[in-house]
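Remarks on the overall topology
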There are 2 protein chains.
Amino acid sequence: MGLEVMRHRDLNPHVSVDCVIFGFDNVDLNVLLIEREEGYIEENANNNAQPARGSLALPGDHIREDEKLDQAAARVLKELTNLDNIFLEQFHAFGHPNRAKNEADRQWMKSVRAEPDARVITVAYFSLVRLEMYNPKASSFAKHAAWFPVSSIPELAFDHNLIVRRALEALRNQLKNEPVGFELLPPKFTLSQLRRLYELILGTELEKRNFRRKILKKNFLVPLDEKQKGVPHRAARLFTFDKDKYESFKTDKYDFSI
Amino acid sequence: MGLEVMRHRDLNPHVSVDCVIFGFDNVDLNVLLIEREEGYIEENANNNAQPARGSLALPGDHIREDEKLDQAAARVLKELTNLDNIFLEQFHAFGHPNRAKNEADRQWMKSVRAEPDARVITVAYFSLVRLEMYNPKASSFAKHAAWFPVSSIPELAFDHNLIVRRALEALRNQLKNEPVGFELLPPKFTLSQLRRLYELILGTELEKRNFRRKILKKNFLVPLDEKQKGVPHRAARLFTFDKDKYESFKTDKYDFSI
DNA sequence: ACAAAAGTGTTTAATTTACACCCATGT
DNA sequence: ACATGGGTGTAAATTAAACACTTTTGT
């Protein structure tokens, strides 16, 4: 029994999970994409290795026959980033009969799937990670992964461009209802970093003073006696996120506004 | 080729859709449940025929190989209620490996499924209908369907009790973000009916005057020169819902609150 | 007449918005 | 010295919350 077959043995060929993993680098909101196995590497003008166009996809895989959907997503996330999941939310199932639309997709499925012609429904999750904690170039797993700014995502396999768009909408929706996204920031962060992140996710500008007042009133950010270092301007105070206070904030606030 | 086989021919045995159909009768929020095929009818103390305990389930079925998930849900809704879908929203996929947990579930699957042992992932939708428009007793299709108040749902097949709970949460969430649920009311309705509906979905009481002011300010309810009739108290003015104004309200309000 | 829900305004508190200048730091 | 982002307060407008009595209708 070859490796391929072993790999397939307990996978359900009809259902997969895909993860839209967001990362924040203080400038852009990024999505983690992987290069499909038979893909090749092109070098661009800056001499950075870049996965070739069309061979990029979201990290995802078929579920195992004996695992729950959430477990499958967590497993994939772990396999691809080696991080335990910080935040992982199912947001939509995608099942267009022709998700594997083009020849490249079908070829790829033939090479790696037990039942390449099976229709696949995928259950999509999004996840937030600290970009600094997952450097694809340095990591031994997933050498063929890279961060891409959400504002310039290349053409992806299957319906993954759609999935990314919907993930962003889901994240935005989440943020409209409850403050979220601390998983995207380092343990100690400035309010400007947080504000920039919010602006990116929401796609709007937020007024500095009002943002500060409103977010601090919620009482789950604790100011540290510590400041930024090495910045060419007045150093900002660092804050940290108090998960317990956050939870009690969330249960308090309900808040069924009509 | 027998009927059974024909029925199964183009169904995907691995993926189903389930619909949580909410209906409002001015008193309770109800869910439409169907009796599974081999089920029997018990008469209760009031002499009303009631589907027998344990044989009840959400309306749902496997998807066809050539249809999208949303189409499948719409088709099932149409097949079971004969109504074109008024509002239909995917809210979650359920895929616990042991969804068909007990003997009754497995027996039933053996009797009606092409691959009774296949693991099934179900994609759940919720839908709002006017209860008055769908009287299961009078209808020729789905004779074995009945409305059950969400506050007293009996034990259902598979994980359908869980699915109903999650559907209610999804509906509640939706209502927190945007006024919704007009599909549950008759074309002409009073503000008290609307308020009662909101209270049911949200699980809170809403103050009469404030509710009225707030909902009317949104400008998508139009007052009619018409009143209730035959009520043993002052007749309430009837309102109707203006879909166009509602849409412009929705696009206006964005409203990315931090 | 009475029971039952409809309808109506005001006051107070809380929240939101808009807005401009000085401060600390690295180069 | 200068460029850069950090940090701060207030006034005005809007929105939310609490609250009680009169009206209409059927019985």
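Residues numbered from 1 in each chain as written. Chains lettered and ligands numbered in written order. Predicted model: local features only at pLDDT ≥ 70, side-chain atom pairs only at ≥ 80, totals over all residues. Heavy atoms only, no water.

Focus: the packing of aromatic side chains
Residue and element names in this part refer to chain A. As enumerated under the stated definition, the model contains 28 aromatic pairs over all chains in all. Geometrically, the ring pair formed by Phe182 and Phe189 is tilted, given 6.2 Å between the ring centres and 35 degrees between the ring planes. What makes Phe189 buried here is its relative accessible area of 1%. Each member of the aromatic cluster is reached from another via a ring pair, and the members are Phe182, Phe189, Phe220, Phe241, Tyr246 and Phe249. (Phe/Tyr/Trp six-rings, centres within 6.5 Å; stacked < 30°, edge-to-face > 60°. Buried < 20%, exposed > 50% of the residue type's maximum accessible area, 1.4 Å probe, protein only.)

Digging into the relation of the copies chain B and chain A
Mapping chain B onto chain A calls for a screw motion: a turn of 180 degrees about the axis and a shift of 0.0 Å along it, with 0.1 Å RMSD after fitting. On the angle and the small slide along the axis, the relation comes out as a two-fold axis. Comparing interface residues between copies, 100% of those in chain B also lie at the interface in chain A; the contact surface is shared. (Least-squares fit on C-alpha atoms with pLDDT ≥ 70 in both. Contact = heavy atoms within 4.5 Å.)

Thoughts on the pattern of salt bridges
As enumerated under the stated definition, the model contains 22 salt bridges over all chains in all. A salt bridge links Asp10(A) to Arg64(A), with the nearest nitrogen and oxygen atoms 3.9 Å apart. Of this pair, Asp10(A) sits in the loop between helix H1 (3-8) and strand S1 (11-24) while Arg64(A) is found in strand S6 (residues 60-64), placing the two residues 54 residues apart along the sequence. By relative accessible area, which is 33% here, Asp10(A) ends up partly exposed. You can call Arg64(A) partly exposed: its relative accessible area is 30%. The salt bridge partner of Glu79(B) is Arg75(B), with a shortest N-O separation of 3.2 Å. Placement of both Glu79(B) and Arg75(B) in helix H2 (residues 69-81) is noted, with a separation of four residues, approximately one turn of the helix. The exposure class assigned to Glu79(B) is partly exposed, which follows from its relative accessible area of 43%. (Salt bridge = Lys/Arg side-chain N within 4 Å of Asp/Glu carboxyl O. Helix = DSSP H or I, 4+ residues; strand = E, 2+ residues; numbered from the N terminus.)

Digging into the protein's contact with DNA strand D
Around DNA strand D sit 22 residues in total, of which Ser192(A), His233(A), Arg237(A), Val231(B) and Arg234(B) are the nearest. A distance of 3.3 Å separates a base oxygen of DNA strand D from a polar atom in the side chain of Arg213(A). Residue Arg237(A) places a main-chain N or O atom 2.6 Å away from a phosphate oxygen belonging to DNA strand D. Within the residue set of the surface near DNA strand D, elements represented by two or more residues are helix H6 (208-217) of chain A together with helix H6 (208-217) of chain B. Among the elements that make up the surface near DNA strand D, the one with the highest residue count is H6(B) (five residues). Residue classes in the surface near DNA strand D are distributed as six nonpolar, four polar and 12 charged. (Near = heavy atom within 4 Å. Polar contact = N/O pair within 3.5 Å; in protein donor to acceptor, adjacent residues only side chain to side chain. Nonpolar A, V, L, I, M, F, W, Y, C, P; charged D, E, K, R; others polar.)

Some points on the nonpolar core
Leu69(A) and Leu69(B) are the most contacted members of the largest nonpolar core, which totals 44 residues. Residues contacting Leu69(A), with those up to four places away along its chain left out, are Val15(A), Val17(A), Ile63(A), Gln90(A), Val123(A), Tyr125(A), Ala93(B), Phe94(B), Gly95(B), Arg119(B) and Ile121(B). (Core = buried A, V, L, I, M, F, W, Y, C linked by side-chain atoms within 4.5 Å.)

Examining the interface of chain B and chain A
Tallying the contact residues gives 38 residues for chain B and 38 residues for chain A. Buried area between chain B and chain A, summed over both chains or domains, comes out near 3,000 Å², and the portion from carbon and sulfur atoms is 63%. The interface formed by chain B and chain A includes zero salt bridges. Summed over the shared surface of chain B and chain A, the result is 11 residue pairs in polar contact (both at pLDDT 80 or more). Of all the secondary structure elements, the ones that give two or more residues to the side of chain B that touches chain A are strand S1 (11-24), strand S6 (60-64), strand S7 (88-94), strand S8 (121-130), helix H4 (160-177), helix H5 (191-202) and H6 of chain B. With five residues, H4(B) is the largest single contributor of residues to the side of chain B that touches chain A. Here the side of chain B that touches chain A is composed, by residue class, of 17 nonpolar, 10 polar and 11 charged. (Buried area = accessible area lost by both parts, 1.4 Å probe.)

A few points about the confidence of the model for chain A
Residues and elements named next belong to chain A. Per-residue pLDDT for chain A has a mean of 84; in total, 83% of the residues score no lower than 70. Segment residues 1-6: pLDDT under 50, and four contacts once partners within four positions in sequence are set aside and those in other chains are kept. Within the model, pLDDT remains below 50 along residues 39-53, and this stretch shows 22 contacts once partners closer than five positions in the same chain are excluded. (pLDDT = per-residue confidence, 0-100.)

Brief notes about the protein's contact with DNA strand C
Neighbouring DNA strand C are 22 residues, the closest being Val231(A), Ser192(B), Lys208(B), Arg212(B) and Arg237(B). The contact atoms of DNA strand C, taken as those within 4 Å of the protein, divide so that sugar and phosphate hold 42%. In this structure, Asn210(A) approaches DNA strand C through a side-chain N or O atom, which is 3.2 Å from a base nitrogen. For DNA strand C, a base nitrogen lies 2.9 Å from a polar atom in the side chain of Lys208(B).

Observations concerning the domain arrangement of chain A
Residues and elements named next belong to chain A. For chain A, the assigned domains read domain 1 (3-177) and domain 2 (187-252). In this assembly, 11 residues from domain 1 lie in contact with eight residues from domain 2. Here domain 1 meets domain 2 over a buried area of about 920 Å², counting both sides, of which 71% is carbon and sulfur. Broken down residue by residue, the surface that domain 1 buries against domain 2 is led by Phe24, Asn26 and Leu175, which jointly contribute 52%. Linking domain 1 to domain 2 there are two residue pairs in polar contact (both at pLDDT 80 or more). At four residues, the largest contribution of residues to the side of domain 1 that touches domain 2 is made by helix H4 (residues 160-177). Its residues assigned to classes, the side of domain 1 that touches domain 2 shows five nonpolar, one polar and five charged. (Domains from an automatic or database assignment.)

Here we look at the side chain of Arg75(B)
With relative accessibility at 12%, the residue Arg75(B) sits in the buried group. The contact partners of Arg75(B), leaving out residues within four places of it in the chain, are His62(B), Ile63(B), Arg64(B) and Glu67(B).

Let's talk about helix H2 (residues 69-81) of chain A
Residue and element names in this part refer to chain A. With 13 residues, H2 extends 18 Å between its outermost C-alpha atoms, agreeing within 8% with the 18 Å of an ideal straight helix rising 1.5 Å per residue. When we look at burial in H2, the residues that qualify are Leu69, Ala72, Ala73, Arg75, Val76, Leu77, Leu80 and Thr81. Of the residues one or two after H2, Asn82 is the one with positive phi, at around 60 degrees. (Expected span 1.5 Å × (residues − 1).)

With respect to H6(B)
Of the residues flanking the start of H6(B), the one acting as N-cap is Glu207(B), its side-chain oxygen 3.3 Å from the backbone nitrogen of Arg209(B). A positive phi of about 70 degrees marks Asn219(B), the residue just after H6(B).

Remarks on the environment of Trp108(B)
Residues and elements named next belong to chain B. Turning to its location among the elements, Trp108 is positioned in helix H3 (residues 103-112). With a relative accessible area of 9%, Trp108 lands in the buried category. Along the chain, Trp108 and Ala157 lie 49 residues apart, while their C-alpha atoms are 9.8 Å from each other.

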